[in-house]
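# Analysis of the macromolecular model
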Amino acid sequence: MDRLCILPERKMLVIGFGTHRSRKEKEERYVAVLVERVENKEEDRKASEGCCTSAMRMKMGRASPPTLGCHRNRMGFLSHTHSSNLLRLCLFLPHPFHLPLTNPMPHFVNFRLFSRFYTLKTLPFYTNQVGTGMADTLCTHLHENNGSVENSLSKVKPKLDSQCVIQVLNTCHPKQPQLGVRFFVWAGFQSGYRHSAYTYRKACNLLGIHQNPQIIRDVVESYEAEGCLVTVNMFREVLKLCKEAQLADVALWVLRKMEESFNLHADTVMYNAVIRLCCKKGDIETAEKLMREMTLNGLCPDLITYMAIVEGFCNAGRSEDAYSVLKVMRVHGCSPNLVILSAILDGLCRSGSMERALELLDEMEKGGDCSPNVVTYTSVIQSFCKRGQWTEALDILDRMKAFGCHANHVTVFTLIESLCAEGRVEEAYGLIDKFVMGHGVSYGDCYSSLVISLIRIKKLEEAEKLFKEMLAGDVRPDTLASSLLLKELCVKDRVLDGFYLLEAIENKGCLSSIDSDIYSILLIGLCQRSHLMEATKLAKIMLKKSVLLQPPYKDGAIDIVIKSGEKDLVNQLTGIHKGL
């Protein structure tokens, strides 16, 4: 019988296969054991051991599964998802296959993993039978529930994952969405499993909750009609579905229904979900009412509650009311954090209440609840720039430096773009040294911002001249400036100039992150204008960097390159596509 044993005195893993095994079978068995050894997961072993061992017995033609021993660490079976991911990773390991283990492997082990990967994929050990079988079982209990969905499902005691949940939901789409919602709600609080943001989104799409919000009401009413034992956890899941589908009115109805019909009381998290939905809808009055209701019910609004209210006030243009929330927070012993203060400051700036904004900034600088950061200052600078108040904007920049906070590339771009938009290009040039010397921003970031701003105000020649000066010097342009300038040259039907500029950027070593569609636009432009030598050079650059031809340029460019006699190059270009 095959066995896995450990020789403690040699401290290494030794596998016995028996002389009757072929080399191929030994390799398959060895890799399967290694996969088991990688992740020591007891829960995965319990869930899949029965299926995996029976499948292995059938594959190997043995009456009983191989016995597995261990040294130091206990061996467990790897879940099928983990096995699949691990095998994908193994393809990139150097040959021969050596996997780092707690115990070193004997030197004579040298298996050809790469040539056996296809065989290994077909083993039952690597299928998804466990997940599919569980989904089938749940579907059976769900659709044959005898009037009690939750009780029928609870008999299964499943080990859930998101794939299993989605498989079950697919059986309810599109004819039984109510049944799907009930399953989803039940699954959300099962042991060892919680829905992810993706799962909520997928459930809403599959069950059509966005288009038919009545489904949620029908589910809650079915709980009441059937006399189901309903818990707060179930309503929490229902409200999360409302949150994902942005159903403010339905969420408010659910909140009222759970107390009136089921005598259940919402917690802070549930109130926060409904308050946020109301604020996003613009129903600030209802949100305020719910926050007062929380206090009456013995619940304390938290930072999430106040943040939702502040955002609601700011979006409604009621920045003064947002500012007054700070006083309410402090009365209730809740200190505002930087996120809330920045949101209020931004709201004050957007509504034009600059005096109040500066007052709040003063409070923060003088040791209030939180100190301002670069985002806080940039928000104020941006607001002054939008109003053409350049003196005040530059004063905030100086104030920022005095406080010990340095500008970043967003601050730089905000000021430079605003000055250029007003035709004050010379002042924009003058700011660059101030940013570099006073705030430690690189010349590359500053001049790249200026290039972008010049292009946007239709000063292409000046932008191109500045860009070439950057390349001639020791200043590295950023991705956006490079891509935008190259694209603008193509739009102006200057593809040859664009190619030479691309070559210069390549020589500077700045091509790594240029937008891939720029290459395609340039290549098709060069081909159409019969600049075949330059097109061939560009294609070779693309090959070097593994840049894909983007639709709709691919076919046309390849045809023209073929006509130029570069068949080998075409084969390589198309090979990139085939390989990916």
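Residues numbered from 1 in each chain as written. Predicted model: local features only at pLDDT ≥ 70, side-chain atom pairs only at ≥ 80, totals over all residues. Heavy atoms only, no water.

So, on to the overall build of the protein chain. Counting its secondary structure elements, the protein chain contains 30 helices and three strands. Sorting the 580 residues of the protein chain into buried and exposed places 48% on the buried side. For the protein chain, long-range pairs separated by at least 24 residues make up 67% of all intrachain contacts whose partners lie at least 6 apart in sequence. Just so you have it, the protein chain exposes about 28700 Å², and 52% of that area is on carbon and sulfur atoms. (Helix = DSSP H or I, 4+ residues; strand = E, 2+ residues; numbered from the N terminus. Buried < 20%, exposed > 50% of the residue type's maximum accessible area, 1.4 Å probe, protein only. Contact = heavy atoms within 4.5 Å. Areas by Shrake-Rupley, 256 points an atom, 1.4 Å probe, with all protein chains shown as cover.)

Glancing now at the nonpolar core. Counting residues in each nonpolar core, the largest one holds 153 residues, and the members touching the most others are Phe183 and Leu241. In this structure, Phe183 is in contact with Leu138, Leu142, Leu153, Val165, Val168 and Leu169, ignoring residues within four places of it in sequence. (Core = buried A, V, L, I, M, F, W, Y, C linked by side-chain atoms within 4.5 Å.)

Relative to the 21 Å expected for 15 residues at 1.5 Å per residue, helix α22 (residues 425-439) spans 21 Å between its end C-alpha atoms, a close match to the ideal helical length. All of the buried residues along α22 are Val425, Ala428, Leu431, Ile432, Phe435, Val436, Gly438 and His439. Next to the buried residues of α22 lie α20 (390-402), α21 (409-421), α23 (443-456) and α24 (460-472). Directly beyond the C-terminal end of α22, a positive phi value near 75° is found at Gly440. (Expected span 1.5 Å × (residues − 1).)

This part covers unusual backbone geometry. Of note, the amide linkage connecting His173 to Pro174 takes the cis form, showing an omega dihedral of 0°. Along the polypeptide, Pro174 turns up in the loop between α7 (162-172) and α8 (177-187). The phi dihedral of Lys458 is positive, around 70°, even though this residue is not glycine. Assignment of secondary structure puts Lys458 in the loop between α23 and α24. Using a relative accessible area of 72% as the deciding quantity, one classes Lys458 as exposed. Residues other than glycine seldom take positive phi values, yet Asp493 does so here, at roughly 65°.

The next point concerns the pattern of salt bridges. Here the structure, examined in full by the defined rule, presents 25 salt bridges. Residue Arg399 pairs with Asp362 through a salt bridge whose shortest N-O separation is 2.4 Å. Separated by 37 residues along the polypeptide, Arg399 in helix α20 and Asp362 in helix α18 (residues 354-365) bring together distant segments of the chain. Judged by its relative accessible area of 30%, Asp362 falls in the partly exposed class. Across the pair Asp517 and Lys487 runs a salt bridge whose closest N-O atoms are separated by 3.6 Å. Placement of Asp517 in helix α27 (residues 516-528) and of Lys487 in helix α25 (residues 479-491) is noted, with a sequence separation of 30 residues between them. We classify Lys487 as partly exposed; its relative accessible area is 32%. One connected set of salt bridges, linked through shared partners, spans Glu285, Glu288, Arg318 and Asp321. (Salt bridge = Lys/Arg side-chain N within 4 Å of Asp/Glu carboxyl O.)

Looking now at the side chain of Thr286. Here Thr286 is to be found in helix α14 (residues 284-296). For Thr286, a relative accessible area of 19% gives the class buried. Filtering out sequence-adjacent residues up to four positions away, Thr286 remains in contact with Leu252 and Cys278.

This part is about the environment of Lys468. Mapped onto the elements, Lys468 comes out in helix α24. Separated by 36 residues in sequence, Lys468 and Ala504 place their C-alpha atoms 8.7 Å apart.

A full pass over the atoms with the stated rule returns six aromatic pairs. Plain terms: the ring middles of Tyr377 and Phe403 are 6.3 Å apart, the flat faces sit at 55° to each other, and that makes the pair tilted. In this pair, Tyr377 is assigned in helix α19 (residues 374-386) and Phe403 in the loop between α20 and α21, connecting sequence segments 26 residues apart. On the basis of an interplanar angle of 55° and a centroid distance of 5.6 Å, the ring pair of Phe499 and Tyr500 is categorised as tilted. (Phe/Tyr/Trp six-rings, centres within 6.5 Å; stacked < 30°, edge-to-face > 60°.)

This part is about the confidence of the model for the protein chain. For the protein chain, the average pLDDT comes to 78, and 72% of its residues sit at 70 or higher. Throughout residues 1-21 the model reports pLDDT below 50, and contacts reaching past four residues in sequence, or to other chains, amount to 49 contacts. Here residues 31-130 is a poorly scored stretch, pLDDT under 50, and it has 151 contacts once near neighbours within four places are set aside; other chains count. (pLDDT = per-residue confidence, 0-100.)

Here we come to a positive patch on the surface. On the surface, a cluster of positive charge is made up of Arg194, Lys240, Lys243 and Lys280. Locating Arg194 in the fold gives a position in the loop between α8 and α9 (197-207). On the basis of relative accessibility, which here comes to 56%, the residue Arg194 falls in the exposed class. (Patch = residues over 30% accessible without salt bridge, like charges linked within 9 Å, V, L, I, M, F, W, Y side chains within 5 Å. Lys, Arg positive; Asp, Glu negative; His and termini not counted. Charge placed at Lys NZ, Arg CZ, Asp CG, Glu CD.)

As a further point, take α14. An α-helix turns once every 3.6 residues. As a result, residues three or four positions apart point the same way. With 13 residues, α14 should cover 18 Å at 1.5 Å per step; its first-to-last C-alpha distance of 19 Å lies within 8% of that length. All of the buried residues in α14 are Ile284, Thr286, Ala287, Leu290, Met291, Glu293 and Met294. At its buried positions, α14 is contacted by α12 (248-260), α13 (268-281) and α15 (303-315). Gly298 lies just past α14 and shows a positive phi near 80°.

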